[in-house]
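Residue-level structure breakdown
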Amino acid sequence: MERTFGYMREDQAGSSNLRVFVRSSEFRVFVLALILMGGLTVGLQTALDSDGLVMVNHVLLAMFVVEAAVKLVAAGNCVVAYLSDFYNLVDTAVAVGGVVELGLTAAGVVQVHDPNSRLTPFMAARLLRLLRLFGAVKVTGLNVAARAVGAGAPMAMLAMFPLACIVYIYGALGCLLWRANDPVHFGDLWSSLVSMLSCSTIRSWTYLFEIEAYGCTRYTPNHLIRCVYPSGDKAAAVLFFVSFVVLAGSTFVGLVAGISVHILRQVRQQREECSAVLLRFNELHQVLTRLREQVDANSSTILQLKYETQDKRDWVPH
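Report on the accompanying structure. In every chain, residue numbers begin from 1 and rise along the written sequence. Selection of residues for local features in this predicted model requires a pLDDT of at least 70, selection of side-chain atom pairs for listing and counting requires 80 or more, and totals for whole chains, interfaces and linings are taken over all residues. Excluding hydrogens and water, the side-chain values take into account all heavy atoms of the structure.

1. Structural notes on a nonpolar patch on the surface
Patch rule: a residue counts if its relative accessible area is over 30% and it has no salt bridge; like charges are joined within 9 Å, and nonpolar side chains (Val, Leu, Ile, Met, Phe, Trp, Tyr) within 5 Å. Using a 1.4 Å probe, the Shrake-Rupley method yields the accessible areas, and only the shown protein chains count as cover for residues. Salt bridges are defined by distance alone: a side-chain nitrogen of Lys or Arg within 4 Å of a carboxyl oxygen of Asp or Glu. Taken together, the side chains of Phe30, Met55, Val59 and Met63 make up a nonpolar region of the molecular surface, amounting to roughly 360 Å² of accessible area. Looking at the secondary structure, you find Val59 in helix α3 (residues 51-75). Only DSSP runs of H or I with at least four residues qualify as helices, and only runs of E with at least two residues qualify as strands; both kinds are numbered from the N terminus onward.

2. Considering the packing of aromatic side chains
Pairing of aromatic rings covers Phe, Tyr and Trp, the last counted by its six-membered ring, and requires centre-to-centre distances within 6.5 Å; plane angles under 30 degrees mean stacked, over 60 mean edge-to-face, and any other angle means tilted. According to the stated counting rule, one finds seven aromatic pairs in the structure shown. Ring centres 5.0 Å apart and planes at 55° place the aromatic pair Phe21 and Phe27 in the tilted group. Taken together, the ring pairs in this structure connect Tyr170, Trp178, Trp205, Phe209, Phe240, Phe241 and Phe244 into an aromatic cluster. It is Arg218 that lies over the ring of Tyr214; its NZ or CZ is 4.5 Å from the centre. Ring-over charges, as used throughout, are those where CZ of Arg or NZ of Lys falls within 6 Å of the ring centre and within 35 degrees of the ring normal.

3. Side note on the packing of α3 against helix α5 (residues 86-106)
Two numbers describe how α3 lies on α5: the axes approach to 9 Å, and their chain directions differ by 135°. With respect to each other, α3 and α5 are oriented oblique. The handedness of the crossing between α3 and α5 comes out as left-handed. Across the interface between the two elements, His58, Leu61, Phe64, Val65, Glu67, Ala68 and Lys71 of α3 pack against Asp91, Val94, Ala95, Gly98, Val99 and Leu102 of α5. Throughout this entry, Asp, Glu, Lys and Arg are counted as charged residues, while Ala, Val, Leu, Ile, Met, Phe, Trp, Tyr, Cys and Pro are counted as nonpolar. The remaining residues, Gly among them, count as polar. Tallied by class, the residues present in the contact of α3 with α5 amount to eight nonpolar, two polar and three charged. Between N-to-C directions, angles cover 0 to 180 degrees, with each direction set by a line fitted to C-alpha atoms, over the stretch in contact for helices. With respect to orientation, any angle under 35 degrees is reported as roughly parallel, any angle over 145 as roughly antiparallel, any angle of 65 to 115 as roughly perpendicular, and every other angle as oblique. Should the near helix be turned anticlockwise from the far one by less than a right angle, the crossing is termed left-handed; should it be turned clockwise, right-handed. In what follows, a contact means two residues having at least one pair of non-hydrogen atoms within 4.5 Å.

By themselves, these are just geometric observations and shouldn't be taken as functional.
Structure, rendered in structure tokens:
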């Protein structure tokens, strides 16, 4: 029977010894350690600028290249299937991108300590490798949380549509109401949308409320030069911002509750399906057990009849 090894089929994979090595727990722990060290060095590079980190990056790059090469050789004829996996593609991109970056640095195209280097996507790819840690950790709580986030992400994207509509409606309305009084935050539609999106976090709405209620004279000093027509309206500001905060907050709470209920229903449905499969398996096991008992009983009866027949033949006089 044909067996599969992740992206590799047993009859298509490379060397069996290399395949076993790649799938071993020791190799996986080594790879995870490299991923963690690579992510930490990326963070340290944002705060430190030393030749020691450059040397560490070179060593890690060499290990990444060896890791990618070993996995590609172990894949054998399944290289395309290997690269179709997102994490494997990121691993290969990190190795290739690191070699390209090293070559450009050696050629003088990119400076080692250049803060304006454009090769940041390769550094970001090294950070993306840290996502492997979620799947590698065998803690049940983390696995459940990661699966819950993955299951709720598509629904969350769809459920954010009502909140986006509310932000757009109030952004356009705020642009019409407060354009003259507050050209900084409501001077155009884009500024209005950004301001209302900031208000939806229930963080900066009080500052905007004071400006619209008492006029743009409440601007910070660096914005006072743009206060040309101060015209605050307390009633309109109260109605506008209080209704938005209540509506946006209730919508967000409803979205969170709806996504949570949806995930719980999915988990309950999966549990019921698993219970049904387990119940069916137990029923099949009982049937097979009864069949085995019947076969054993029939075998015993057949053997007993065989022995009795043999004994009768032995006692028959010639």
